[in-house]
Amino acid sequence: VVIDALTYAGHRANLRRVEASFADRYCFVHGDIRDPDRVRVIFDEHGIDTVVHLAALTGKASESEHFRVNADATRRLLEHASAAGVRRFQQRLL
């Protein structure tokens, strides 16, 4: 499952190769990891056991917006993953 808000840096076209190569187990969800209800539903519906967290805000955003996306949303994602019984969580550090 790929969750992406498709903001300034996100483009669905960048995922076409992944989608084509793994069509039987690939699912794209247009959403924001800051939306706790949406994230909870995704974990519940897809039985996720591994998370690779690549989301991050870069560029010209305020310090508080960087914190909300990069730290607070990551914390909430970890909480959802833990509640869902995720066994592996990997995050790319900027």
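The structure under discussion appears in the preceding block.
Q: Would you explain helix α2 (residues 36-46) in this entry?
A: The periodicity of an α-helix, 3.6 residues per turn, causes residues three or four positions apart to be oriented the same way. Those residues of α2 lying buried are Val39, Ile42 and Phe43. Down the axis of α2, the sector holding all buried residues measures 95 degrees, keeping them to one side. α2 presents Asp44 and Glu45 as exposed residues on the side facing more than 90 degrees away from its buried surface. Looking at the buried residues of α2, the elements they touch are β1 (2-4), β2 (28-30), β3 (50-53) and α3 (63-83). Just beyond α2, the residue with positive phi is Gly47, at close to 55 degrees.

Q: I'm lost on the layout of surface pockets in this one. Help?
A: Sizing a probe to match a water molecule and rolling it over the atoms shows the empty space that remains. Put simply, the largest pocket is a space of about 1300 Å³. Only β1, α2, β3 and α3 provide two or more residues apiece to the lining of the largest pocket. Here the lining of the largest pocket gets four residues from one element, more than from any other, and that element is β3.

Q: Honestly, the nonpolar core in this entry has me stumped. Any pointers?
A: It is characteristic of soluble globular proteins that their nonpolar side chains tend to be buried jointly. Within the largest apolar cluster, 11 residues are counted, these being Val29, Ile33, Val39, Ile42, Phe43, Ile48, Val51, Ala73, Leu77, Ala81 and Val86. Leaving out residues up to four positions away in the same chain, Ile33 has contacts with Ile3, Val39, His53, Ala55, Ala73 and Leu77.

Q: When you look at the side chain of Thr74 in this model, what are you seeing that I'm missing?
A: Structurally, the position occupied by Thr74 is in helix α3. On the basis of relative accessible area, Thr74 is assigned to the buried category, the value being 5%. Among residues more than four places away in sequence, those in contact with Thr74 are His53, Val69 and Gln91.

Q: Sorry, what's going on with the pairing of strand β4 (residues 88-91) here?
A: The side chains of a regular strand alternate between the sheet's two faces. Pairing of β3 with β4, which is carried by four bridges, proceeds in the parallel orientation. Across the sheet, the residue bridging to Thr50 is Arg88, located in β4.

What counts as what
Residues numbered from 1 in each chain as written. Predicted model: local features only at pLDDT ≥ 70, side-chain atom pairs only at ≥ 80, totals over all residues. Heavy atoms only, no water. Buried < 20%, exposed > 50% of the residue type's maximum accessible area, 1.4 Å probe, protein only. Helix = DSSP H or I, 4+ residues; strand = E, 2+ residues; numbered from the N terminus. Arc of directions from axis to C-beta. Contact = heavy atoms within 4.5 Å. 1 Å grid on protein atoms, 1.4 Å probe; cavity = no way out; pocket = protein on both sides within 12 Å on 5 of 7 lines; lining within 4 Å. Points joined across faces, edges and corners; volume = space filled by probe spheres on them. Core = buried A, V, L, I, M, F, W, Y, C linked by side-chain atoms within 4.5 Å. Pairing = 2+ DSSP bridges.

The quantities given are spatial measurements derived from coordinates; they are silent on function.
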